[in-house]
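Summary of structural features
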Amino acid sequence: MKFNYDAYFGTFIKRPNRFIAHIDIDGHEVICHVPNTGRMKELLIPGVEVMLSHHDSSTRKTEYELRMVMKNSKWISIDSQLPNTLVSEAIAHDIISELQGYKEINREVTYNKSRLDFQLLGEDTCFIEVKGVTLERDGWCYFPDAPTERGRKHIDELIRAKSEGYRSVLLFIIQMEEARGFSPNRITDEAFADKVKEAENSGVEVLAYGCHVSPDEVYITGKVPIIN
């Protein structure tokens, strides 16, 4: 996905709450929206380089949106809405080998008591839940970076869909390059890691894919190994 917004570069100052951050752009402090409610403590460190987009709109509370954070000389996309767009694009272009051959892609589909990210229609019906990954330690990536009851609920729905005869996929999109592998973050949310294992044992397919990330574009690249 190529970006068509105006990009600005600066350094992170502080994040007073989940929704906003203060950024220094050439000596001028601006307030930006943070499109990710995760903790991101390992990323949002005072002085770290960041990339923002500018949006001149009277309907916005802030003119800026925090898009990327630099860590170890590489950009990490922190936009939690972006992975779904990337997945839709990748499925349409047969980038994700396990999800090829479907004729119809539906987004934000209600199933039982939850709204799942995708429903694919073809020779079978496939439900997909997507999770964006930003937490990295020594090249290995993890999700979540904070306990997520909502995430466990989504997996329960995938397990149910599988039991009712549908194909179910839990897809982790790693929003950075050169990931060596992925694991559910058992230290932060043991219940989530257990739920991923339960899903695997129930026949839910668990996949992880990495991305190319630059200030100009982000797109899904190759499959990343998973150790649960």
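Data block above holds the structure.
Residues numbered from 1 in each chain as written. Predicted model: local features only at pLDDT ≥ 70, side-chain atom pairs only at ≥ 80, totals over all residues. Heavy atoms only, no water.

**Some remarks on the pattern of salt bridges**
Here is the rule: Counted as salt bridges are all cases of a side-chain nitrogen of Lys or Arg within 4 Å of a carboxyl oxygen of Asp or Glu. Numbering of helices and strands runs from the N terminus, with a helix taken as a DSSP run of H or I at least four residues long and a strand as a DSSP run of E at least two residues long. Here's how the labels work: a residue is buried when its accessible area is under 20% of the maximum for its type, exposed when over 50%, partly exposed in between, all with a 1.4 Å probe on protein chains only.
Counting across every chain of the model gives 13 salt bridges. The shortest N-O distance in the salt bridge between Lys2 and Glu217 comes to 3.3 Å. One end of the pair, Lys2, is in the segment before strand 1 (6-14); the other, Glu217, is in the loop between strand 14 (205-213) and strand 15 (218-223), and 215 residues separate them in sequence. A relative accessible area of 63% means that Lys2 is categorised as exposed. Glu217 gets classed as buried once you look at its relative accessible area, which sits at 19%. In this structure, the salt-bridge partner of Glu164 is Arg160, at a minimum N-O distance of 3.2 Å. Residue classification places Glu164 among the partly exposed positions, given a relative accessible area of 44%.

**Let's talk about helix 3 (residues 190-201)**
Our working rule: An expected span of 1.5 Å times one less than the residue number is assigned to each helix. Along the arc lie the directions from the helix axis toward the C-beta atoms. Whether two residues are in contact is decided by their heavy atoms, any of which lying within 4.5 Å being enough.
Here helix 3 spans 17 Å end to end across 12 residues, near enough to the 16 Å set by a 1.5 Å rise per residue. Every buried residue of helix 3 is listed here: Phe192, Ala193, Lys195, Val196 and Ala199. Projected onto a plane normal to the axis of helix 3, the buried residues spread over an arc of 160 degrees and lie on a single side. Of the exposed residues in helix 3, the ones pointing more than 90 degrees away from its buried face are Glu190 and Asn201. Its buried side turned inward, helix 3 meets strand 11 (140-143), helix 2 (149-163), strand 12 (167-174), strand 13 (181-184) and strand 14.

**Some points on the sheet that holds strand 8 (residues 114-121)**
For the record, the criterion: Between any two strands, pairing holds if DSSP finds at least two bridges. For helices, the axis comes from a line fit to the C-alpha atoms of the stretch in contact; other axes are also lines fit to C-alpha atoms, and the angle between any two N-to-C directions lies between 0 and 180 degrees.
With respect to topology, six strands assemble into an open sheet ordered 7-8-9-12-14-15, the strand pairing being mixed. Looking at strand neighbours, the two that pair on one side only are strand 7 (104-111) and strand 15, the edges of this open sheet. Averaged over all pairs of adjacent strands, the angle between strand axes in this sheet comes to 35 degrees, irrespective of strand direction. Of the strand pairs in this sheet, strand 9 (residues 125-133) and strand 12 are connected by eight bridges, and their pairing is parallel. Along strand 12, the bridge assignment pairs Val130 with Leu171.

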